[in-house]
2 protein chains.
Amino acid sequence: MVTEATAATTSVLGSAPPALDRLKSLLLEASDLSSAASVLRWDQSTFMPSGGAAARGRQLSRLSEIAHQRSTDPGIGELLDALRSYAENIDPMADDARLLAVTRRDFERAVRIPADFIARDSAASSASYSAWVKARPAGDFAAMRPHLEKTLDLSREYAAFFPGYDHIIDPLIGPDEGVTAEETKALFKTLRVALVPMVRTIAEQTETSDACLRKHYPSAQQLTFATQVARDMGYDLTRGRLDLTAHPFMIRFGADDVRITTRVREDDLSDCLFSVWHEAGHAFYELGVSRDLNPPIAGGTSPGVHESQSRLWENLVGRSRGFWEHYYPALQREFPDQLNSVSLDTFYRAINKVSRSLIRTDADELTYNLHVMIRFDLECDLLEGRLAVKDLPDAWNARYQSDLGVVAPDHSNGVLQDVHWYAGTLGGGFQGYTIGNVLSAQFYNAALRAHPEITADIAAGRFETLHSWLKDNVYQHGRKFGVHDLVSQATGSKMRIEPYIDYLRTKYSGLYAL
Amino acid sequence: MVTEATAATTSVLGSAPPALDRLKSLLLEASDLSSAASVLRWDQSTFMPSGGAAARGRQLSRLSEIAHQRSTDPGIGELLDALRSYAENIDPMADDARLLAVTRRDFERAVRIPADFIARDSAASSASYSAWVKARPAGDFAAMRPHLEKTLDLSREYAAFFPGYDHIIDPLIGPDEGVTAEETKALFKTLRVALVPMVRTIAEQTETSDACLRKHYPSAQQLTFATQVARDMGYDLTRGRLDLTAHPFMIRFGADDVRITTRVREDDLSDCLFSVWHEAGHAFYELGVSRDLNPPIAGGTSPGVHESQSRLWENLVGRSRGFWEHYYPALQREFPDQLNSVSLDTFYRAINKVSRSLIRTDADELTYNLHVMIRFDLECDLLEGRLAVKDLPDAWNARYQSDLGVVAPDHSNGVLQDVHWYAGTLGGGFQGYTIGNVLSAQFYNAALRAHPEITADIAAGRFETLHSWLKDNVYQHGRKFGVHDLVSQATGSKMRIEPYIDYLRTKYSGLYAL
């Protein structure tokens, strides 16, 4: 696509050479094609009639192949080479220097993956996702087994493009996460030591009732309330929208089109509300990236940091006492029959009820991490060949029995519950959730240190100060920095688990005898 | 993309050579990329937040450019050349022979259009459409003037890629229509001679009241009723869906994903109902194309034939007395307060009220054609340089005054009312509507000759026989045949205006003294 790259790179030192503009233009084009594929995926999950599946699979596979061709265009490599001396002579923290560094990392990674793999992987993902949409409600693991076996094969094939890794999951996690399998295992070990006794102590106490959340809550009203609060938090519906899908997600089509989805259960008030605010947290991050940044750094960095932003709004804000001091009266006005006789205290306890349960996305803040650890360990077992796909349901149930003391009555509530393994991702999907939990507390702590008034603000339904700290310290930087650098700059220290454990201890001491 | 095409084309005479498979695979890929662009356009019109406009314009422009590159891939030309002797030795009416003939025609046409033109045209269309969505309600022609000037320039530039035309509109109409500017002018002249006296005679009579349609009809109920009837007609919601847009349209993403849109006015019952059935008619055509056909012949032929299918369901079925003998009781049950005191006769007269009015899409069957002729003539004037864009609103109003005796109070109801000129099409957009009207009667006549029971079927809410005749004689053939061949084969005669004029005379003699 690009020829004679070097001819255009003569530049006065310090001023951006023409080759940089050409590189940015190529990168924007590749990003636009990826965004086009995202629109097709969003439609596939939201509105596409079932008849559309076959053609959509083909369309996505074509687009993924073209996007991959563009991102591995030898012209990018030539331009990067031509710009090497320019990059070495500017501030290494400057946008352009980071753009070039990240582009080189992405490029060197992308060129290792053959185009035909991308096409096969994309087609397999589409087929698997379509099958899962039917198999999950039916609890039909047998229908998913061939898809998952194929996904496992593809995941191994992918890892093999990056020989020399410490752990087979590392290439699947990708360099963007910046937290390796070894670091993850160490983190999970420390967390498990703190969590397990807390969960055990709580399990021995009288069970908190969440009956107030299990009444009939009409879908439309839940969506109205959740959306209004998301708007208060800062979600701008001229730059996004909210739709319904089987599994909630956030998706970016451009700097000013970042959409979220949710699901609604009429017999569970919490699912829709916290899903919307979780996804809104992801969207705030994407919408807050500096407009000065170009692809590929014009988007959030690392799954773990992304998840820290969603969990911060879902949990540290949305499940806090102060937040509900402000919003509970409004929720009662929306649902007077269901909630007028329920005290704020009862409601607050209900939304923070700890219980050893089956579904990750319904889990409380404490046990959530145990769900993640089960999945991470099973993924390691699958990828390392210690576990066959056919034995996965049994292994799943055994781990739930031993870690959480519960066994799913069917695969819908067990091994089929999460989309991740059935939409073409193995190895890179779950650990980021717990890394996100850990980082959410570290970021929130830093924000509170800088602006102690944030607590009172939230109790008054005001989010501007928190938003603005996050924008300055996290959002605006996009993918300029990896997780370790970003965390150090924003919080003044390395990634630390203590703020998260302190947060959990303080919060749950107020709810249970610990 | 394709090299050494000739190496693969040695074939046993009569059996499809490998080159044909390779050609079909390339054509399917090009079609998939066009469909991907269609998904982005559909989203742009239905659900995209306003912030998404800039990125969407870029994405569409990239995709259009790539789709154009694929459809002009020199490999297609090489394969066509290599397949020439194969094509000459098979039945010229066989699918493969027609595929090769249509592909060659498309290819020879497409290679004349430079890729940069496609990108500029697509970007200009996106920008113009986004501007029109705001300018139309505001009646702001000044905001659209630069866009329309650009569209006019681009239309002229496009026509200039095809030197030697008889009329500048001919290349813009395209070979697919198969009805040239000269043929169109002759057709319009004959029609005008029949229509103008009918409209004048009716205008002199006491005005029919359509007050029963102008009550308050809640949007959701209109959509429910319109959708249910569309399903009865045969629209399968697992192979399509219905959404809301400023301007109704049908769009195809694949053989089993053909969507329609409508708009709803709560103070006008007819807009939503007839728009839905109109667009459903277009969708039936696309959904009925034989699965044996490959792109580029796996879709409806010619705008005029397409419109004949929509108008047939909208008017010849949907505005017929028999249809409402069956459906009016159901409509009354949906809207008892509004319609229980309104007789079927009053309702039938209301939906067929002839009046000289401002809005094409609201126009009755008779005056509709006068709206089309105004636009066609103005387009000729613009393209031939007899009319400047700045003078278009005055010219528009003058023609409405002289032809229909009405002048729009604002540009929203005047020159800005239709999307066509503001979404990047000049010259090829309107005349197909009247050609469609003419053909709708010719096809319907032929269906009635073959199956006289269709009239009674419709009065009993049964559409299978009509549907099945249309599928056999029109839908299944896709783009295998052009308009003239298709019409001859389906109806046993050339395109004729008499069935349409007879239909109008018979129907309107029952409603007015003619």
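Residues numbered from 1 in each chain as written. Chains lettered and ligands numbered in written order. Predicted model: local features only at pLDDT ≥ 70, side-chain atom pairs only at ≥ 80, totals over all residues. Heavy atoms only, no water.

Chemist: Tell me about the state of the cysteines, and name the residues and values.
Modeler: All names here are of chain B. Under the defined criterion, the tally for this structure stands at 0 disulfides over all chains. Of the cysteine sulfurs around C212, a residue in no disulfide, the closest is that of C272, at 16 Å. Classification of C212 as buried rests on a relative accessible area of 6%. (Disulfide = S-S within 2.5 Å. Buried < 20%, exposed > 50% of the residue type's maximum accessible area, 1.4 Å probe, protein only.)

Chemist: Give a detailed account of the relation of the copies chain B and chain A, specifying residues and quantitative values.
Modeler: In this arrangement, two copies of a chain are superimposed by a rotation about an axis accompanied by a shift along the axis. Of the two same-sequence chains, chain B is brought onto chain A (RMSD 0.0 Å, axial shift 0.0 Å) by a rotation of 180°. In symmetry terms, the pair is related by a two-fold rotation axis. Both copies present the same face, since 100% of the interface residues in chain B are matched by interface residues at the equivalent positions in chain A. (Least-squares fit on C-alpha atoms with pLDDT ≥ 70 in both. Contact = heavy atoms within 4.5 Å.)

Chemist: Quick one: what's the story with the pairing of strand β3 (residues 257-262) of chain B, residue by residue and with numbers?
Modeler: Residues and elements named next belong to chain B. Buried residues dominate β3, accounting for 6 of its 6 residues. By the alternation rule, side chains of β3 split into D257, R259 and T261 and V258, I260 and T262, which are all buried. Examined bridge by bridge, strand β1 (residues 242-244) and β3 share 3 bridges and lie parallel to one another. Across the sheet, L242 pairs through a bridge with I260, a residue of β3. Sheet topology places strand β2 (residues 250-254) next to β3; 4 bridges connect them, and they run antiparallel. Paired with G254 across the bridge in β3 is D257. (Helix = DSSP H or I, 4+ residues; strand = E, 2+ residues; numbered from the N terminus. Pairing = 2+ DSSP bridges.)

Chemist: Which residues make up the nonpolar core, and what are the values?
Modeler: Of all hydrophobic cores here, the largest spans 133 residues; its most connected members are W277(B) and W324(B). If near-sequence neighbours (up to four positions away) are discounted, W324(B) is found in contact with F225(B), L273(B), F274(B), W277(B), G318(B), R319(B), P329(B), L331(B), L344(B), F347(B) and I351(B). If you look at the next biggest cluster of nonpolar residues, it comprises 129 residues, including L154(A), M233(A), L287(A) and L416(A). (Core = buried A, V, L, I, M, F, W, Y, C linked by side-chain atoms within 4.5 Å.)

Chemist: Could you give an account of the sheet that holds β1(B), with specific residues and numbers?
Modeler: The mixed open sheet is built from 3 strands, whose spatial order is β1-β3-β2 (chain B). Sheet topology places β1 and β2 of chain B at the edges, where each strand pairs with a single neighbour. Averaged over all pairs of adjacent strands, the angle between strand axes in this sheet comes to 30°, irrespective of strand direction. Lying over the sheet, helix α2 (residues 53-71) of chain A contacts β2 and β3 of chain B, oriented at roughly 75° with respect to β2(B). (Axes fitted to C-alpha atoms, helices over the stretch in contact; angles between N-to-C directions.)

Chemist: For the environment of Q309(B), give the residues involved together with the corresponding values.
Modeler: Residue and element names in this part refer to chain B. Secondary-structure assignment places Q309 in helix α12 (residues 303-317). Classification of Q309 by relative accessible area gives buried; the value is 0%. With sequence-adjacent residues up to four places away left out, Q309 is seen in contact with G281, Y285, F443, L470, V474 and Y475.

Chemist: Mind laying out the sheet that holds strand β3 (residues 257-262) of chain A, listing which residues take part and the relevant values?
Modeler: Residues and elements named next belong to chain A. Judged by pairing direction, the sheet is mixed, and its 3 strands sit side by side in the order β1-β3-β2 without closing on themselves. Whereas interior strands pair on both sides, the edge strands pair on one side only; in this sheet they are β1 (242-244) and β2 (250-254). On average, each strand axis in the sheet is inclined to that of its neighbour by 30°, with strand direction left out of account. Packed on one face of the sheet, helix α1 (residues 18-46) meets β1, β2 and β3 and runs near 140° to β2.

Chemist: Give me the lowdown on the interface of chain B and chain A, citing residues and values where you can.
Modeler: Contact residues are listed per partner, giving 36 residues for chain B and 36 residues for chain A. Of the roughly 2700 Å² buried at the junction of chain B and chain A (both faces included), carbon and sulfur atoms supply 58%. Counting across the chain B and chain A interface gives 8 salt bridges. R62(A) is the partner of D32(B) in a salt bridge, and the nearest nitrogen-oxygen pair spans 2.9 Å. Our enumeration of links across chain B and chain A arrives at 14 residue pairs in polar contact (both at pLDDT 80 or more). (Buried area = accessible area lost by both parts, 1.4 Å probe. Salt bridge = Lys/Arg side-chain N within 4 Å of Asp/Glu carboxyl O. Polar contact = N/O pair within 3.5 Å; in protein donor to acceptor, adjacent residues only side chain to side chain.)

Chemist: So what's going on with the packing of α2(A) against helix α6 (residues 115-138) of chain A? Residues and values would help.
Modeler: All names here are of chain A. Relative to each other, α2 and α6 sit at 150°, their axes nearing to 8 Å. Accordingly, the angle class assigned to the pair α2 and α6 is roughly antiparallel. In this structure, α2 crosses over α6, and the sense of that crossing is right-handed. Residues A53, G57, L60, S61, S64, E65 and H68 of α2 lie in contact with α6, whose contacting residues are A115, I118, A119, S122, A123, S126 and S130. Class assignment for the residues of the contact of α2 with α6 results in 6 nonpolar, 7 polar and 1 charged. (Parallel < 35°, antiparallel > 145°, perpendicular 65-115°, else oblique. Left-handed = near helix turned anticlockwise from the far one by under 90°. Nonpolar A, V, L, I, M, F, W, Y, C, P; charged D, E, K, R; others polar.)

Chemist: Residues and numbers for unusual backbone geometry, please.
Modeler: Both trends apply: most residues other than glycine have a negative phi, and most peptide bonds are in trans. Omega for the bond connecting P295(A) with P296(A) falls within 30 degrees of zero, at 10°, which places this linkage in the cis form. Note that P296(A) resides in the loop between α11 (269-287) and α12 (303-317). For S302(B), which is not glycine, the phi dihedral falls at a positive 50°. Considering the arrangement of structural elements, one finds S302(B) in the loop between α11 (269-287) and α12.

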